[in-house]
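Examining the three-dimensional arrangement
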Amino acid sequence: ALTAIIAVVQNDKAQALALATQAVELDQTSPTAKLALSYAQQAHFEIEEALASVQEAVKIDTQNALAWARLAELQMSTGKLDHALESARQAVNLNPALAKTQTVLGFAHLLQIDTHAAKAIFAKAIKLDQADPLPRLGLGLALIREGELEAGRIELEIAVSLDPANSLIRSYLGKAYFEEKRYPLASTQFDMAKERDPYDPTPWFYDAIQKQTQNRPVEALQDIQKSIELNDNRAVYRSKLLLDQDEAGRSSSLARIYDNLGFEKRALMETAKSLSFDPANSSAHRFLSDTYANIPRHEIARVSELLQAQLLQPINVNPVQPHLAVTNLNIITGTGPSAAGFNEFTPLMERNKPQLIASGVVGNQGTLGNETVFSQLYDRTSVSLGQFHYETNGFRPNNDQKHNIYNAFIQHAFTPKLNMQAEIRTREKEFGDLVQEFDQKNVSNDERRKLKDNTARLGARYSFSPHQHLIASGIFVDRRISTDFGFLDFLTNVQNYQAEAQFIHKDNNFNITAGGGFHRLDAKDKKNSFSLGKTIRDKNSVYIYSNWHFPKNTTTTLGLSFDSYRRESNSEDISDLSFDVINPKIGVQWDIFQNLRLRFAWFKASRNNILANNSIEPTQVAGFNQFFDDQNGTRTERKGIGLDFRPTNAIYSGIEASIRNLKVPFLNEKSIDKQREQLYRAYLYFSFYPSWSVNGEFQFEKFDRTRKDNLPSEIQTIRLPVSINYFNSNGFFSRISGTYINQDIKQSGSFNSDFFLVDTAIGYRLPGRRGLVSFEARNLFDKNFRYRDPWFFVSDTEQPLSQFVPTRTFIGRLTLNF
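One structure accompanies this document, and this report is about it.

About the criteria used
- Residues numbered from 1 in each chain as written.
- Predicted model: local features only at pLDDT ≥ 70, side-chain atom pairs only at ≥ 80, totals over all residues.
- Heavy atoms only, no water.
- Core = buried A, V, L, I, M, F, W, Y, C linked by side-chain atoms within 4.5 Å.
- Buried < 20%, exposed > 50% of the residue type's maximum accessible area, 1.4 Å probe, protein only.
- Helix = DSSP H or I, 4+ residues; strand = E, 2+ residues; numbered from the N terminus.
- Contact = heavy atoms within 4.5 Å.
- Patch = residues over 30% accessible without salt bridge, like charges linked within 9 Å, V, L, I, M, F, W, Y side chains within 5 Å.
- Areas by Shrake-Rupley, 256 points an atom, 1.4 Å probe, with all protein chains shown as cover.
- Salt bridge = Lys/Arg side-chain N within 4 Å of Asp/Glu carboxyl O.
- Axes fitted to C-alpha atoms, helices over the stretch in contact; angles between N-to-C directions.
- Parallel < 35°, antiparallel > 145°, perpendicular 65-115°, else oblique.
- Left-handed = near helix turned anticlockwise from the far one by under 90°.
- Nonpolar A, V, L, I, M, F, W, Y, C, P; charged D, E, K, R; others polar.
- Lys, Arg positive; Asp, Glu negative; His and termini not counted.
- Charge placed at Lys NZ, Arg CZ, Asp CG, Glu CD.
- Pairing = 2+ DSSP bridges.

1. Quick notes on the nonpolar core
If you look at the biggest cluster of nonpolar residues, it comprises 45 residues, and the most contacted ones within it are Leu 221, Ile 257, Tyr 258, Leu 261 and Tyr 652. Per element, the largest residue contribution to this core is six residues, and it comes from helix H9 (residues 133-145). When residues no more than four places from it in sequence are discounted, the contact partners of Leu 221 are Leu 254, Ile 257, Tyr 258, Leu 261, Asn 649, Tyr 652 and Ser 687. Leu 35, Ala 50, Val 54 and Val 58 belong to the second largest nonpolar core, which has 22 residues in total.

2. Some thoughts on a nonpolar patch on the surface
Judged by side-chain polarity, Phe 732, Ile 762, Tyr 764, Val 773, Phe 775, Phe 810 and Leu 814 come together as a nonpolar surface patch covering roughly 550 Å² of accessible area. Along the chain, Val 773 turns up in strand E23 (residues 771-778).

3. Some thoughts on the pattern of salt bridges
Scanning all chains against the criterion turns up 45 salt bridges. Lys 100 is paired through a salt bridge with Glu 73; the nearest N and O atoms lie 2.6 Å apart. Placement of Lys 100 in helix H7 (residues 99-111) and of Glu 73 in helix H5 (residues 65-77) is noted, with a sequence separation of 27 residues between them. Across the pair Lys 194 and Asp 223 runs a salt bridge whose closest N-O atoms are separated by 3.8 Å. With Lys 194 in helix H12 (residues 183-196) and Asp 223 in helix H14 (residues 217-229), this residue pair connects regions lying 29 residues apart in the sequence. Summarising the burial analysis for this pair, Lys 194 and Asp 223 share the class buried. Among the charged side chains, a network of salt bridges with common partners joins Asp 191, Lys 194, Asp 207, Lys 211 and Asp 223.

4. Let's talk about the packing of helix H8 (residues 115-128) against H9
At a closest axis distance of 9 Å, the pairing of H8 and H9 adopts a crossing angle of 155 degrees. Regarding the angle of H8 to H9, the classification is roughly antiparallel. Relative to H9, H8 is oriented so that their crossing is left-handed. Of the residues in H9, those touching H8 at Thr 115, Lys 119, Phe 122, Ala 125 and Ile 126 are Pro 135, Arg 136, Gly 138, Leu 139, Ala 142, Leu 143 and Arg 145. In the contact of H8 with H9, the residues fall into seven nonpolar, two polar and three charged.

5. Points about the environment of Gly 642
Position of Gly 642 among the secondary structure elements: in strand E16 (residues 635-648). Taking the C-alpha atoms as reference points, Gly 642 and Ala 682, separated by 40 residues in sequence, lie 9.3 Å from one another. If near-sequence neighbours (up to four positions away) are discounted, Gly 642 is found in contact with Arg 597, Leu 598, Arg 599, Phe 624, Ile 655 and Glu 656.

6. Remarks on the packing of H9 against helix H11 (residues 167-179)
At a closest axis distance of 11 Å, the pairing of H9 and H11 adopts a crossing angle of 25 degrees. When the interaxial angle is binned, H9 and H11 end up roughly parallel. Helix-helix and strand crossings are classified by hand; for H9 and H11 the assignment is left-handed. Touching Pro 133, Leu 137, Leu 141 and Ile 144 of H9 are Ile 169, Tyr 172 and Ala 176, all from H11. Each residue belonging to the contact of H9 with H11 can be placed in one class, and the counts come to seven nonpolar, no polar and no charged.

7. Points about a positive patch on the surface
A cluster of like positive charges, contributed by Arg 480, Lys 524, Lys 526 and Lys 534, occupies part of the molecular surface. When you line up the elements, Lys 534 lands in strand E10 (residues 530-548).

8. Some points on the environment of Ala 499
Among the structural elements, Ala 499 can be located in strand E8 (residues 489-506). By relative accessible area, which is 39% here, Ala 499 ends up partly exposed. With 205 residues separating them along the chain, Ala 499 and Asn 294 place their C-alpha atoms 28 Å apart.

9. Some details on the side chain of Arg 170
Inspection of the secondary structure puts Arg 170 in helix H11. Within the buried set, Arg 170 has no salt-bridge partner at all; the shortest N-O distance to an opposite charge, 8.0 Å, is to Asp 163. Discounting residues that sit within four places of it in the chain, Arg 170 has contacts with Val 160, Pro 164, Gln 189, Met 192, Ala 193 and Arg 196.

10. Description of the pairing of strand E21 (residues 732-746)
As paired elements, strand E20 (residues 714-727) and E21 share 14 bridges and run antiparallel to each other. Residue pairing in the sheet places Asn 725 in a bridge with Arg 735 of E21. Two strands pair when backbone bridges link them, and E21 and strand E22 (residues 750-766) are joined in this way by 15 bridges, in the antiparallel orientation. Along E22, the bridge assignment pairs Ser 737 with Asp 759. Taking the residues between adjacent antiparallel strands as the criterion, E21 and E22 are bridged by three residues, where Ser 748 takes a positive phi near 55 degrees.

Now the structure itself:
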């Protein structure tokens, strides 16, 4: 048994299991042999078997304090926190004079976020054994969680001095130095941790995050890829379940680094992979939401992913910017006060503290904006208050807009299993004609709109176990929309009610996400103060999605949803509409080789009619989005295939093709417009170690429809963007990009336009993660062109702004973190 433990520590897993098995065969009644076998089984990812071995040891010798302590350890690693606390208490009752039993009890209280009790127990353990580093580690973590960063870091330093060869403790000390913004010391600890245990991926993972925040994304990419390669060797310290969470977390962080480098398509693929392993991973949902912010007609998917991230997130100090939770801001991508990105100031160690993030933007065309978010974490409660303002005159008359958003958010963990949250938000918007037409004669100089809505949201998460979660969401929206055409005005009052619930189950080889929701929208319309009638829209839905991970290098997604849609109106301008539809979902992600992945998906979906525009139903299948900003009641079918190839750690490439068929209803008639969308794209990304990256993409889109009216019947668009990015470790970064666009439109004739745009940006990351400052120029050479966004209808009258504006635009942005 002793030699088996030595083999475990030396990472000789096969020898450890052979020796431990032999020990048990020699004496079936030996609790020591059973304990040794549990460590060997844990090293082989056999966590349930390891737990069973310890339970047998406890049955053999019910008075064995060490066996009870080991039982508590495994129960903690499998997330059975209540049982772990009971076992740890039993271990202390049997032998309170052992530092081991006190230490395990301290960690059991720490995982319950009971830091006061944990500190007292760790102090007892230190008195019992001054040479044991683990109670010092626990005490340091408890102090840091309470906001005493310096005192906690000192305890971690003592723990490292007691066991200099312990890679895990050095990784925690490196995290503490990172929080103190002592980056050279943090790097030293991470490097030493890598040397002490070359098979431990943890220091590589944390070092990658540190380098990314220090404007070293190319180096961060190398480190996190190494972390992923080493992930299976984490078994000695973590359970198989937590290993899977590590894998999902690493994929999510890898996607974040890809986004920083401008590798957007690769980031989407990695996030899809992450969510296929762990649909309950809040970081992956949040990152997917941030990535969707850069893609047209993905507003519904973006806010849906954000809602899922909020419901699944643990208590943390990271706020959600007010503008992220609303759709159709109509702000040109990246020109708002704060760029929609995964929080650049994420701490590595959560602790009680306040945080203030303030952003501002200024530009030509009267552009001015600011966003301020204050957040506070205290024990089991986090709160956030935010404000957003943005205004611009636009690039032509009556193209102006103004926004104001205010929100308040609170989240509380009643127990480690039960987490609840509430949010209120108010929004006001005033704007003119924002649509960019191919022929600018079609724009209006008189049309004005005002929007005001109030939103209240309640959410909850209950975790039956680390692999079983129940989330629920309820949303109420009250909206008022007024439209003035100069000679005619419309007023719409809308109330939206939405309730959803979802259950997530995760196993070693598969996971299941099942849920459903009820959505109701009541709208009253007026024209020139005369009532036009009332419209009611109802949608009820149920769904089930599953991801199967066998064979080992393949993930198969199988799903099914049922949607029941009803639109009833007593208005002459709106016709009734109803349908009940079953939507199958199939997806495959196949790692043909370690660096070659094939993705395929076929699914059907229907457009939600919810005013809040968000849902907790999964938004993608195998990396293909299924919820676009279509008209209410639209039914769709999408087929897609993609191939992603990484020939080296510095080169990434891929191709993707998809076809989407739509059945689009009209408000004032029962006819259906059949539309077809084709998308073909390829990407090639290259990173020059350590400071340069080059991004190149090709995208061809074709939209056509059967209906003949005053709108285009066909739109074909080719885009060829290429950019060069530079990152300096002193904080300076820059980018220059060029985009070629060629567009053909059929609309009472055929029209063609082609042009080339140059954009550039420079910026600086302030030292100590204090913020960022940047200056950007869009359409640098003031190219005037004709262009229409390549789609026909979206979900709202607020059609999103184009990615391309036919005039030079300057944007200066400053973000500060306190």
